[in-house]
Amino acid sequence: MGLTGLFRRRTLPHEAEQAADRSPSKVGKRPQGRAPSRAGARFFDGSRIDRLAADWTTTPAKADVIIRQHQRVLVARAREQARNNDYARAFVRLARTHVAGPRGVLLQAQSRGDDGRLDTHANAAIEDAFALWARRDSCDVAGMKSWRALQAAAVASAVVDGEFMFRMVFGADAGPFGIALQMLDPQRCNPQHDENDLPGGRFIRAGIEFNQYGRPLAYHFADDQGEDAYGYNQSRRDSLRVPASEIIHGFLPEFTGQKRGLPWMATGLFRMRQLAGFEDAAVVNARVGASKMGALQWRDGFGPEYDEDEAMHMPLETQPGEFMFLPAGAELREWAPQFPANEFASFNKAMLRGIAAGFGVLYNNLANDLEGVNFSSIRQGTLDEREWWKELQEWLIESLVQPVFDAWLPRALLGGHIRVKGKALKPERLARYAQVAWQPRRWAWIDPQSDIQAAVAAKNQLLMSPGQIIREQGRDPSDVWREIASDIQEMRDAGIPEEFIKSAVFDKNLQAAVMAETAKQSRPRAGNQEDAADAGNA
């Protein structure tokens, strides 16, 4: 074998087969006059398999596999970041503030009487009874959190854990209404617990038992209340099987067939942790650079004697204004670290922009950075972000708020807790009283004067209703109408003249229109004036 033969690449069996398939006897001749299409050969760059994409997966993973392999690790790291990372805590705070809001999702009962009109008395009674249940001593089986606080806790759990779980407790232990909520740690339902071939076609995925069609039947929770609560025993001897009818499980599905949630901050975890380490190193480096130090070196024949070991292991620390002694023969060379320099802020901002994009929030809100923004850009970004918050609000209503109300209402009716003028509402009218609307939090106008003028113009052009404008501000139109009527009646009872009441309630344009219409109605008609003149002459 020659020298070149030592470096000649051996042909693998599968490559030999491919070469045979490409032989002239098996490959047809290309039509004359047509060149091969490079676009057709490449087609999608994202599907290329080469050295640049060698570590890029090529096999789609099932949702169950993703949950089994990654959910618990992601939750553990998300919880750690939520405790120690400022930006992770800011994202949790933003989600709680904008999804649940300061008052939570508010109930607006919409039951109607036989005449089709809103039953104001019944609606007020339903809202009052639900507000009474929403206190922490009634809605929380532990008596610690109010209904608003439970909503906020559910949102925070979805951000960090990717999901929330509540157990509905019924009976005497559930307080005066006979129903209360128990918030559960989702990790007590082991996401790695899978079982197949159960009787009746049932199976368990990620700790949840399903029927053959994929409908949840039960949840299997770790029954140990001690430190080993997460050491789930797959033999189910130490598990608690809770019927699915008692569990409220909410998460944002990202894949078809997904049965457990992933943390909302999952995509930014790695970058947040590395950025935090980068900032810590920059802070330490800046502190070292800012610490001015000096060194004293003894002349020959002076100073203490150091043995070899002491000289080799002499600690060198930098403290502001500190002077140290150097051993004989040692010299101090100047070291003045300049980092962090100008590129620190730009790099930090670039990383945070990527993190904020994955979270679905504005960089300016996540990083608390309003430097360099103008009104138009911040307005457009805020409006886009609010649409995402609205979608999450609807998710919270569908996943938690509405199911809780559907379970509460029949028990409140049967228990006689909803009363109008001392009489309990009839439980057989459950379908009528179940008609409700939910009002999540809304936000103040960014440019109040311009936005109000636009809303009024849209109303006058029949593009919006007054009730829609009020609901966009987070209020119930019925409450607003009643408040206005009550204010007007109180002003009349106080003896305030009508013209002052109108000027206080109406704006100048509406006031002028009302006054013109009043003057027109009070002006005597021409025929009436002639009749009065004839009667006077007679």
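Our structure's up above, just so we're on the same page.
In this report, the structure presented in the accompanying data block is examined. All values reported here derive from a predicted model rather than from experimental measurement.

It is worth spelling out a nonpolar patch on the surface at this point. On the surface, a cluster of nonpolar side chains totalling about 250 Å² of accessible area is made up of Trp 481, Ile 484 and Val 505. Tracing the chain through its elements places Val 505 in helix H18 (residues 498–505). With relative accessibility at 33%, the residue Val 505 sits in the partly exposed group.

Taken as a whole, this structure holds 14 salt bridges when the rule is applied. Beyond isolated ion pairs, a larger network of salt bridges with shared partners links Asp 64, Arg 205 and Lys 259.

Moving on, we come to the packing of helix H9 (residues 269–290) against helix H11 (residues 343–359). Relative to each other, H9 and H11 sit at 160 degrees, their axes nearing to 10 Å. Taken together, the axes of H9 and H11 are roughly antiparallel relative to one another. In this structure, the crossing between H9 and H11 has a hand that is left-handed. For the pair H9 and H11, the contacting residues are Arg 271, Met 272, Leu 275, Phe 278, Glu 279 and Ala 282 in the first and Phe 344, Phe 347, Asn 348, Met 351, Leu 352, Gly 354, Ile 355 and Phe 359 in the second. Grouping the amino acids of the contact of H9 with H11 by side-chain chemistry returns 10 nonpolar, 2 polar and 2 charged.

What follows deals with the side chain of Arg 441. Its place among the elements puts Arg 441 in the loop between strand S13 (436–439) and helix H15 (448–460). We note that Arg 441 is buried and unpaired, the nearest opposite charge coming from Glu 385 at a distance of 9.5 Å. Here Thr 97 takes part through its backbone oxygen, which lies 3.1 Å from a polar atom of the side chain of Arg 441. Arg 441 has contacts with Thr 97, His 98, Gly 101, Pro 102 and Gln 393, leaving out every residue within four places of it along the chain.

About the criteria used
Residues numbered from 1 in each chain as written. Predicted model: local features only at pLDDT ≥ 70, side-chain atom pairs only at ≥ 80, totals over all residues. Heavy atoms only, no water. Patch = residues over 30% accessible without salt bridge, like charges linked within 9 Å, V, L, I, M, F, W, Y side chains within 5 Å. Areas by Shrake-Rupley, 256 points an atom, 1.4 Å probe, with all protein chains shown as cover. Salt bridge = Lys/Arg side-chain N within 4 Å of Asp/Glu carboxyl O. Helix = DSSP H or I, 4+ residues; strand = E, 2+ residues; numbered from the N terminus. Buried < 20%, exposed > 50% of the residue type's maximum accessible area, 1.4 Å probe, protein only. Axes fitted to C-alpha atoms, helices over the stretch in contact; angles between N-to-C directions. Parallel < 35°, antiparallel > 145°, perpendicular 65-115°, else oblique. Left-handed = near helix turned anticlockwise from the far one by under 90°. Contact = heavy atoms within 4.5 Å. Nonpolar A, V, L, I, M, F, W, Y, C, P; charged D, E, K, R; others polar. Lys, Arg positive; Asp, Glu negative; His and termini not counted. Polar contact = N/O pair within 3.5 Å; in protein donor to acceptor, adjacent residues only side chain to side chain.

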